[in-house]
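Breakdown of the fold
Below, each chain spelled out in residue letters.
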Amino acid sequence: MVDRTRIDEPTGTETVGHEWDGIEELDTPMPRWWLLTLFGTIAFSLVYVVLYPAIPFRHSASAGVLGWSSHRQLAGEMTAEAARLAPTRSALAQTPIEMLPANPRLLVAAEEGGRSAFKVHCVQCHGSGAAGSKGYPNLNDDDWLWGGDLAAIQTTLTNGIRQPGNADTRMSQMPAFGRDGILEPAQVRDVASYVRLLSGQEKAGAASARGGVVFAANCAVCHGAQGKGGRNIGAPNLSDSIWLYGGDRVAIIDTITNAHAGVMPAWGHRLDAVTIKMLAAYVHSLGGGEANVAPPTPALTQAPTQTAAADVGN
Amino acid sequence: MSAIDQRAGDENPNHIWFEARRRIFPKAVKGSFRRLKWAIMAVTLAIYYLTPWIRWDRGPHAPGQAALVDLAHRRFYLFAIEIWPHEFYYVAGLLIMAGVGLFLVTSAVGRAWCGYACPQTVWTDLFVHVERFIDGDRNAQFRLAQAPWTPAKIGKRIVKHAVWLVIAAATGGAWIFYFADAPTLARQLLDGTAPAVAYVTIGILTFTTYTLGGLMREQVCIYMCPWPRIQSAMLDERSLVVTYKTWRGEPRSHLKRHELPDHPESAHGSALMELAADATGTARLGDCIDCNACVAACPTGIDIREGPQIGCITCGLCIDACDAVMTRIDRPTRLIGYTTLVDEKLASTGAPVVPPLRRLLRPRFLVYFGFWASIGLAMLFSLGNRSRLDLSVIRDRSPIWVQLSDGAIRNSYTIKVRNMENRPRRVMATLSGLPGGVVWNEQGDRKLAGSSVAFFVDADKVAKVRLFVAAPRHGEEHTDFSFAVRALDDEASHDRQATVFERPEDER
């Protein structure tokens, strides 16, 4: 390799020695302060190595005289966040859940807290959008087995569904009419026809007429004569469009034959009361939430106007 | 012997890897360009330091500072204009205008930005003047630099750097007033209760101003700034640049320093005139007397007589320096002057020169100007016609739709209504184009729902409202419709946003 470096005439600067199609490059010296910045970065790294964890050992690393670690930083940030949330949590602890709608700021805080708690504890069954799936209720809709006002949701969350040993748990048990031989298979098919008539999925016919008789004798005690169900015993409404285990003929026959009894943990054993309150507020906000009812009389609902102020800030 | 060894052996032993800095002591000059620089420095520094203190009444719901970048609330205020984050394209437009403006200015008058308006130039100029005030002019500074460290020298150095640091701190201090209410922040700064970020910002800007303006100076322009490199692509032979008129100056008459007259009227002066007159004869001598006044005045330490170069920021100080000398030896001024390379060539042949303003009327300048002006006009038009109510709609995608117990389908939307007026407003959101659709919000009830909902939006705030829309089960799987919002107090404020209503796939 021939060294072609030469002194460039107009600038008096040495070239680097390469040449491409007559184009050469000047080897202009760097300013000396630039070199000093390199030494400066080296000095910085030495200081850094002393102050912060830097040198890896086999099982750990050098600690650094500042004692900083990412775990400690995280712990500090979590403590600060807990301290920041403490007033909100204590306000929530002192507010009965029925009173939340009267305090919009607290309600929004509860809903946001519930949103994050939901992602940790609830999405496994109910799904990330709380839309559920077959056997797991959709929490967005306007159909509630056990009641959809704030207090009812809180009770359901606290005590769970079909939890043995919990006196307040939501408990209902439909007999397995087919499997246990209470109804003949033909009767089951007739009842299925009647149930589909109730929900407007089939036209009246001989089968549904026969099924109506069987229904009145076996099913109406829980589901009501019109199949509207009842929340006090958790009996589903059979006349609406919402089916936890499916509303087509095969699914209804399966349900009558075998019955279903889903469960939900009693979250009162696992989560603190404030988190449950927040979860209830969040579930209530999903679109199906109902207004508070005065406990004994479920008829009177105070319908808020649609034009109520929604002063949710930025 | 490998190629590397061979190269190492061929290495020039005198090769310089790093270059020591050449100290520059620019000499004070007087003249028209110096006066122009004073004026521009006064105006730019006044704008920088005083703007945050101008008040502007916007009513009770917005800050009363004329120029304010409110990062905490994400608002940008400039006199009557308020910019929201989603209107950031105005700022982007200003940046594009600034970029095109640089092209425009450069194509017309060369590196005018570098020479007069660049903060690096303005602050360096200020620092140089402070230095001159304390240490004296070029020669005194040079002597002081060579002098041993006597108490007097140490004292001068301490005073100089202290004044520099005060200027630097004031620069950093002024910067933060653009980001908070200036009088409040000033009080907080004095009694020590200002936010830590304010002190840190002042510290950083003090350091950079002191370092870049006081210590680095021309090194920034020559080594750090990308703009001089871009300039070489922006300039052409019709751009105004500071030019030494070789045809007039060469060959130089090498007058010794002591031969330079103090006064043009002196005996030496008339002798010089004879010398100059002699230049018109056969043994022609150029006007340049090689007095080095242009080099001494140059803040970047270059010799303009070597032609256009990257170190020249076109500040025009060499023009003033040379003009003073030309006046003293009774020769025409502007041996160094603003001219284009084309005109320089024309002039050297004695051809008439096009006036600088006429030089502007060329396609390149006009295209840049048209582009620059149309961006500005488009922004002004858009600013004048923007609606102060803005809507954006986000469809909830989980779940996509919800089956309701009576058979209808519900979709949920989160709408954000931006009330950009400084007063609370009642706003109505209306469905349009969704047959059988009803809408309600979290406080509402489907039983009472109609095709619109009304709610309050606070002054200068965004209302984030969750809306539920229900429509009959049967219809298009994807139905396009739109939300329209209007302010009930102001019919002119309205906005509309298209979205879609989703239904389950028809199983039949």
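Keep in mind that this is a model prediction, so the values were computed, not measured.

1. Thoughts on the nonpolar core
Residues and elements named next belong to chain B. Within the largest apolar cluster, 43 residues are counted, with the highest numbers of intra-cluster contacts made by Cys294, Ala297, Cys318, Ala321, Cys322 and Ile336. Elements supplying a minimum of two residues to this core: helix H3 (89-109), helix H4 (112-117), helix H5 (119-135), helix H7 (151-176), strand S5 (241-244), helix H14 (293-297) and helix H15 (317-328). Among the elements that take part in this core, H15 stands out by supplying seven residues, more than any other. Sequence-distant contacts of Cys322, defined by excluding residues within four places in its chain, comprise Ala293, Cys294, Leu335 and Ile336. Counting residues in hydrophobic clusters, the runner-up holds 31 residues, among them Leu391, Val417, Val427 and Val462.

2. Side note on the packing of H3 of chain B against helix H18 (residues 363-385) of chain B
Residue and element names in this part refer to chain B. The contact between H3 and H18 brings their axes to 9 Å, and the two run at 160 degrees. Viewed along their axes, H3 and H18 adopt a mutual orientation that is roughly antiparallel. Crossing geometry of H3 relative to H18 is assigned as left-handed. Contacts from Tyr90, Gly93, Ile96, Met97, Val100, Gly101, Phe103, Leu104, Ser107 and Ala108 of H3 reach H18 at Arg364, Phe365, Tyr368, Phe369, Phe371, Trp372, Ile375, Gly376, Met379 and Leu383. Residues that form the contact of H3 with H18 fall into these classes: 15 nonpolar, four polar and one charged.

3. Here we look at the domain arrangement of chain B
Residues and elements named next belong to chain B. Under the domain assignment, chain B is made up of domain 1 (35-87 + 118-221), domain 2 (236-354) and domain 3 (389-502). Of note, the centres of domain 1 and domain 3, computed from C-alpha atoms alone, are 49 Å apart. Tallying the contact residues gives seven residues for domain 1 and seven residues for domain 3. By residue class, the composition of the side of domain 1 that touches domain 3 is two nonpolar, three polar and two charged.

4. What to know about the sheet that holds strand S4 (residues 81-83) of chain B
Residues and elements named next belong to chain B. Read across the sheet, three strands follow the order S2-S3-S4 without closing on themselves; strand pairing throughout is antiparallel. With one partner strand each, in any of the chains shown, strand S2 (67-70) and S4 form the two edges of the open sheet. Taking each pair of neighbouring strands and ignoring which way they run, the sheet shows an average axis angle of 10 degrees. Bridging between strand S3 (residues 75-78) and S4 involves three bridges; their strand directions are antiparallel.

5. Notes on the environment of Ala259 of chain A
Residue and element names in this part refer to chain A. With respect to the helices and strands, the residue Ala259 is situated in the loop between helix H9 (249-258) and helix H10 (273-284). Take Ala259: there are 16 C-beta atoms within 10 Å of it, and that puts it in the partly exposed class. Through-space distance from the C-alpha of Ala259 to that of Glu112 is 37 Å; in sequence the pair is 147 residues apart. Contact partners of Ala259, with chain neighbours within four places excluded, come to Met174, Pro175 and Ala176.

6. Quick word on the sheet that holds strand S15 (residues 490-502) of chain B
All names here are of chain B. Strand order across the open sheet formed by four strands is S12-S10-S14-S15, with antiparallel pairing between neighbours. Of all the strands in the sheet, just strand S12 (452-457) and S15 have a single pairing partner and so form its edges. When the angles between neighbouring strand axes are averaged without regard to direction, this sheet yields 20 degrees.

7. A look at the pairing of strand S1 (residues 15-20) of chain A
Residue and element names in this part refer to chain A. Where burial is concerned, little of S1 is hidden: zero out of the six residues are buried. Sheet topology note: the S1/strand S2 (residues 23-26) ladder contains three bridges and is antiparallel. In the sheet register, Trp20 faces S2, and the bridge partner there is Ile23. The turn joining S1 and S2, which pair antiparallel and follow one another in sequence, is formed by two residues; a positive phi near 50 degrees is taken by Asp21.

Parameters and conventions
- Residues numbered from 1 in each chain as written.
- Chains lettered and ligands numbered in written order.
- Predicted model: local features only at pLDDT ≥ 70, side-chain atom pairs only at ≥ 80, totals over all residues.
- Core = buried A, V, L, I, M, F, W, Y, C linked by C-beta atoms within 7 Å.
- Buried ≥ 20, exposed ≤ 12 C-beta atoms within 10 Å, placed from the backbone.
- Helix = DSSP H or I, 4+ residues; strand = E, 2+ residues; numbered from the N terminus.
- Contact = placed C-beta atoms within 7 Å.
- Axes fitted to C-alpha atoms, helices over the stretch in contact; angles between N-to-C directions.
- Parallel < 35°, antiparallel > 145°, perpendicular 65-115°, else oblique.
- Left-handed = near helix turned anticlockwise from the far one by under 90°.
- Nonpolar A, V, L, I, M, F, W, Y, C, P; charged D, E, K, R; others polar.
- Domains from an automatic or database assignment.
- Pairing = 2+ DSSP bridges.

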